[in-house]
Amino acid sequence: MIEQTLVLIKPDGVKRGLIGELISRFERRGLKIVGLKMVQVDPDFSKKHYSNHIKKDFYKGLEKFITSGPVVAVVIEGIDAVEVVRKIVGDTSPKFAPVGTIRGDFAHISLEYSDKKKKAAENLIHASGNKKEAKQEVSLWFSLDELHSYKISYEEHVM
Ligand code: AMP
């Protein structure tokens, strides 16, 4: 029931100065940050992270986008964290992401527009899609000694 999931603040989120704002959205829900680092992704690592997208039409643009500047990688822990984090993030297409979600509050681009421009959708953030992906992605991005174990006050007062 307690799960870990991977979040990436993508280059557009970093360049727009939204690192603190976006991370605070997880903290204020009582989710725990157990791993955090800034990483410059290279094309090889992009292919590992997005291995299920390599054959898709948008992959070339996606690799260009994810390697265009540093990303902030975060491991978030909490009850049903994979599902809860996906809800906080909102739909892949910012156009359809409900207001109140990260993508719904900070972007409006549509996948159709990105496809027309032959670019990846700049949607600020990545969150693991399901529990299996979360396990794979956390271990791809973080070594065990980069993950931390501690108590936050939410655990003391709410859980
Ligand atoms: P996902 O693994 O579903 O998050 O997809 C990876 C990323 O690729 C998304 O977050 C978008 O940045 C981008 N993406 C997904 N689908 C499309 C699409 N149809 N057109 C352009 N970019 C896309």
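Residues numbered from 1 in each chain as written. Predicted model: local features only at pLDDT ≥ 70, side-chain atom pairs only at ≥ 80, totals over all residues. Heavy atoms only, no water.

Caption draft 1: Representation of the packing of aromatic side chains. Counted under the stated rule, the structure contains one aromatic pair. Centre to centre, the rings of Phe 45 and Trp 141 are 4.7 Å apart; their planes meet at 85 degrees, and the pair counts as edge-to-face. Taken together, the residues span a long stretch of sequence, with Phe 45 in helix 3 (residues 43-49) and Trp 141 in helix 8 (residues 131-141) at a distance of 96 residues. The ring centre of Phe 142 lies 4.5 Å from the NZ or CZ of Lys 37, which sits over that ring. (Phe/Tyr/Trp six-rings, centres within 6.5 Å; stacked < 30°, edge-to-face > 60°. Helix = DSSP H or I, 4+ residues; strand = E, 2+ residues; numbered from the N terminus. Lys NZ or Arg CZ within 6 Å of the ring centre and 35° of its normal.)

Caption draft 2: Highlighting the sheet that holds strand 2 (residues 32-39). Spatial strand order, 2-3-1-4: four strands in an open sheet with antiparallel pairing. The open sheet is flanked by strand 2 and strand 4 (125-127), the only strands paired with a single partner. Within this sheet the neighbouring strands show an average axis-to-axis angle of 20 degrees, counted without direction. Each of strand 1 (2-9), strand 2, strand 3 (71-79) and strand 4 is contacted by helix 8, which is oriented at about 60 degrees to strand 1, the strand it contacts most. (Pairing = 2+ DSSP bridges. Axes fitted to C-alpha atoms, helices over the stretch in contact; angles between N-to-C directions. Contact = heavy atoms within 4.5 Å.)

Caption draft 3: Expanded view of the nonpolar core. Within the largest apolar cluster, 22 residues are counted, with the highest numbers of intra-cluster contacts made by Phe 26 and Ile 125. Listing elements by their share of this core, those giving two or more residues are strand 1, helix 2 (19-27), strand 3, helix 5 (81-89), helix 6 (102-106) and strand 4. Broken down by element, the residue count for this core peaks at four residues, all from helix 5. Those residues within four positions of Ile 125 in sequence are excluded, and the remaining contacts are Val 7, Leu 8, Ile 9, Lys 10, Leu 22, Phe 26, Val 89, Ile 102 and Arg 103. Counting 17 residues, the second largest nonpolar core, distinct from the first, contains Tyr 59, Ala 120, Val 138 and Phe 142. (Core = buried A, V, L, I, M, F, W, Y, C linked by side-chain atoms within 4.5 Å. Buried < 20%, exposed > 50% of the residue type's maximum accessible area, 1.4 Å probe, protein only.)

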